[in-house]
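Architecture and fold: a report
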Amino acid sequence: MAPRKVFDLTTFHDLGLSKTIVATLSALGFEKATPIQEKAIPLVLEGSDLIGLAQTGTGKTAAFGLPMIEKLLADARRPDPRNIRALILAPTRELVNQIADNLRDFVKKTPLRVVTVVGGASINKQSEMLSRGTDILVATPGRLLDLVARKSVTLTQARYLVLDEADQMLDLGFIHDLRKISKMVPKNRQTLLFSATMPKLIGELAGEYLVNPKKVEVTPPGKAADKVEQYVHHVPGKDQKAQILRKTLTDNPDGLSLVFSRTKHGAEKLMKHLDHIGFKAASIHGNKSQGQRERALKAFRDGEIRVLVATDVAARGIDILGVTHVYNYDLPEVPDAYVHRIGRTARNGRDGIAIAFCTPDEAHLLRDIEKLMGIQITVASGEAPAVITAGPGGKSRKGRGNGGGRAGQRPARKPFGDGAQAAEGAAPSGAKRPQHGRPAQKQGERQNRNHGGGNGQGRPQRQGKPRRPEGQRREQA
Ligand code: AMP
């Protein structure tokens, strides 16, 4: 792995990690700690319970993983058969696998064993893996409880409990499972809770299961990575979403795009449509098997496919460094999900672009997102409806025009055309054709900065002519 030096902070040695671990990290290209690591590692080493407010992409796996590994190594006992020493719970299979991959890198030169258990894979095999005893178990809650019920594993020797992406676990309805599991892990344990947001229920959960926790925070709740440029296209209906998506994908053939759909059905339909019109696309959602998801992710990571259509649940925790564009094809019902979605780009110091599509009946969702983030998202095309009455609770909400920046917030930029124009490629003659759904002026600035071929930051460069998708028929979402 090529060395990555993206964070200019404290070294791991300064944070109290042992020589062996520091050497392993150095071999992985981890020389300096990220902010969450800098704050969390000393606290975990000293034995505190911890609440970490941080998103995926901030280096939080190492923030809890490294000090935990250090402590497991210091206490050299081996786990008894069917017992575990540390438990990490995460909401999705993808995130479990990603955490385990990271931890396996860290424990390479140690005797520690990392085992994963997730739904959708053979329970018998997992049971067999657990029979030898496990140092670190990474699991989704449901499958873990199944294995406990089968007596394949017991949690009574666990001394560390990590709840990762706790807000998402609650969103997915794991609260009862979490409560059950927390009771199975002995009280004299260290508990670490990581969450991208801090809804009230997380506070309650922390109050119940953590003892005098220290709180560390790297991204204020609701604030997405500042590096993500965000745009919204106001469109009259679904057809225009498909048209604009097609155009921006065409304009940006070297990008790696993650497209969010609200439903599994919608994701599959959109993927088939994109495939039909000539884009290399795949989809991941709840109806896909574990194998299918993993193959799609690998193809996306390797750049074999350039567009991945996903639902929120399936995309949770995806860590693909080169994602250049995140499309909110449908706006999410929960504003927090928008923050998670756009956090899939601009990772590890790179730039990223988030493009949302908003139909009139989604306008209230956009308002909620902007309220949560405290910003007004730049309008790339179309116009926000003047008055929206479809808000939850039947409240009438006032829309805004494109020039209506609120005091103290980023003013909306002038749109560069309406949705239909952008979709049909009918940019005004002489006008600079916007790429990536970005206003032309900004694009010009960027191109100047990026002259000289490679941009070194993962920003897509337009190479040659945009690829012409096959077929010219009017597409349906
Ligand atoms: P995470 O937030 O744990 O998902 O980490 C995001 C990415 O950052 C992963 O690919 C890690 O391998 C990488 N990473 C974590 N910590 C560091 C570090 N200190 N230096 C360089 N890369 C890191």
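The structure contained in this document is the topic of the report that follows. Owing to the predicted nature of the structure, the values given are computational and were not obtained by experimental measurement.

The next subject is helix H1 (residues 19-28). Buried within H1 are the following residues: Ile21, Thr24, Leu25 and Leu28. Buried residues of H1, viewed axially, fall in a sector of 100°; they line one side. In H1, the exposed positions that point more than 90 degrees away from the buried face belong to Lys19 and Ala27. Considering only its buried residues, H1 is in contact with helix H3 (60-74) and helix H4 (93-107). Gly29 lies just past H1 and shows a positive phi near 90°.

Attention now moves to the pattern of salt bridges. Should the charged atoms of two oppositely charged side chains come close, the side chains can pair. For the structure on display, the rule yields 21 salt bridges. Glu46 is the partner of Lys214 in a salt bridge, and the nearest nitrogen-oxygen pair spans 3.4 Å. One end of the pair, Lys214, is in strand S7 (residues 214-217); the other, Glu46, is in the loop between helix H2 (35-45) and strand S1 (50-53), with 168 residues separating them in the sequence. A residue is classified by how much of its surface remains accessible, and Glu46, at 54% relative accessible area, is exposed. The salt bridge involving Arg85 is made with Asp135; its shortest N-O contact spans 3.1 Å. Here Arg85 is found in strand S2 (residues 84-89), whereas its partner Asp135 is found in strand S4 (residues 134-139), with 50 residues between them in sequence. Residue class for Asp135 comes out buried when judged on its relative accessible area of 0%.

Before going further, it helps to spend a moment on the side chain of Glu70. Mapped onto the secondary structure, Glu70 falls in helix H3. Buried and without a salt bridge, Glu70 has Lys71 as its closest oppositely charged side chain, separated by 11 Å. Leave out the neighbours within four places in its chain, and Glu70 touches Leu17, Ser18, Ile21 and Leu45.

This part is about the sheet that holds strand S9 (residues 257-260). Strand order in the open sheet made by the 7 strands is S10-S11-S9-S12-S13-S8-S14, with parallel pairing throughout. Only two strands of the sheet have a single neighbouring strand rather than two, namely strand S10 (281-284) and strand S14 (378-381). For this sheet, the mean inter-axis angle between neighbouring strands, taken without regard to orientation, is 25°. Inspection of the sheet shows strand S12 (residues 325-328) paired to strand S13 (residues 352-358) by 4 bridges, in the parallel sense. Each residue of the ladder has a partner; that of Tyr327, found in S13, is Ile355.

This part takes up the packing of H4 against helix H12 (residues 290-301). Across the interface, H4 lies against H12 with an axial gap of 11 Å and an inter-helix angle of 60°. Taken as axis vectors, H4 and H12 run oblique relative to one another. Handedness of the H4/H12 crossing: right-handed. Between H4 and H12, the residues in contact are Arg93, Glu94 and Asn97 and Gln290, Arg293, Glu294 and Leu297, respectively. Of the residues that constitute the contact of H4 with H12, the class distribution is 1 nonpolar, 2 polar and 4 charged.

Let us now look at the sheet that holds S1. The strand order S3-S4-S2-S5-S6-S1-S7 describes an open sheet built from 7 strands, whose pairing is parallel. This sheet does not close on itself; its edge strands, each paired only once, are strand S3 (114-117) and S7. Each strand axis lies, on average, 15° off the axis of its neighbour in the sheet, ignoring direction. In this structure, strand S5 (residues 160-163) lies alongside strand S6 (residues 190-195), joined through 4 bridges in parallel fashion. Residue pairing across strands places Leu161 opposite Thr191, the latter belonging to S6. Against the sheet, H4 engages S2, S3 and S4, with an angle of about 175° to S3.

To continue, consider the packing of aromatic side chains. Tallying each qualifying case throughout the model produces 4 aromatic pairs. A ring pair is formed by Tyr327 and Phe357, whose centres lie 6.3 Å apart and whose planes are at 15°; its orientation type is stacked. Within this pair, whereas Tyr327 is found in strand S12, its partner Phe357 is found in strand S13, the two being separated by 30 residues in sequence. Each of the two residues, Tyr327 as well as Phe357, counts as buried. Taking 5.8 Å as the distance between ring centres and 85° as the angle between the ring planes, the aromatic pair formed by Tyr329 and Phe357 counts as edge-to-face. With Tyr329 in the loop between S12 and helix H14 (335-342) and Phe357 in strand S13, this residue pair connects regions lying 28 residues apart in the sequence. Here Tyr329 matches Phe357 in class, with each residue buried. Feature note: the residues Tyr327, Tyr329 and Phe357 constitute an aromatic cluster, connected by ring pairs. The aromatic ring of Tyr329 is capped on one face by Lys241, whose charged end is 5.7 Å from the ring centroid.

Here we take up the packing of helix H6 (residues 141-149) against helix H8 (residues 175-184). Put simply, H6 and H8 touch, their axes get as near as 10 Å, and they point 50° apart. Taken together, the axis directions place H6 and H8 in an arrangement best described as oblique. Like other packed secondary-structure pairs, H6 and H8 cross with a definite hand, here left-handed. Contact residues: Pro141, Gly142, Leu144, Leu145 and Val148 in H6; Asp177, Leu178, Lys180, Ile181 and Met184 in H8.

The rules behind the values
Residues numbered from 1 in each chain as written. Predicted model: local features only at pLDDT ≥ 70, side-chain atom pairs only at ≥ 80, totals over all residues. Heavy atoms only, no water. Buried < 20%, exposed > 50% of the residue type's maximum accessible area, 1.4 Å probe, protein only. Helix = DSSP H or I, 4+ residues; strand = E, 2+ residues; numbered from the N terminus. Arc of directions from axis to C-beta. Contact = heavy atoms within 4.5 Å. Salt bridge = Lys/Arg side-chain N within 4 Å of Asp/Glu carboxyl O. Lys, Arg positive; Asp, Glu negative; His and termini not counted. Pairing = 2+ DSSP bridges. Axes fitted to C-alpha atoms, helices over the stretch in contact; angles between N-to-C directions. Parallel < 35°, antiparallel > 145°, perpendicular 65-115°, else oblique. Left-handed = near helix turned anticlockwise from the far one by under 90°. Nonpolar A, V, L, I, M, F, W, Y, C, P; charged D, E, K, R; others polar. Phe/Tyr/Trp six-rings, centres within 6.5 Å; stacked < 30°, edge-to-face > 60°. Lys NZ or Arg CZ within 6 Å of the ring centre and 35° of its normal.

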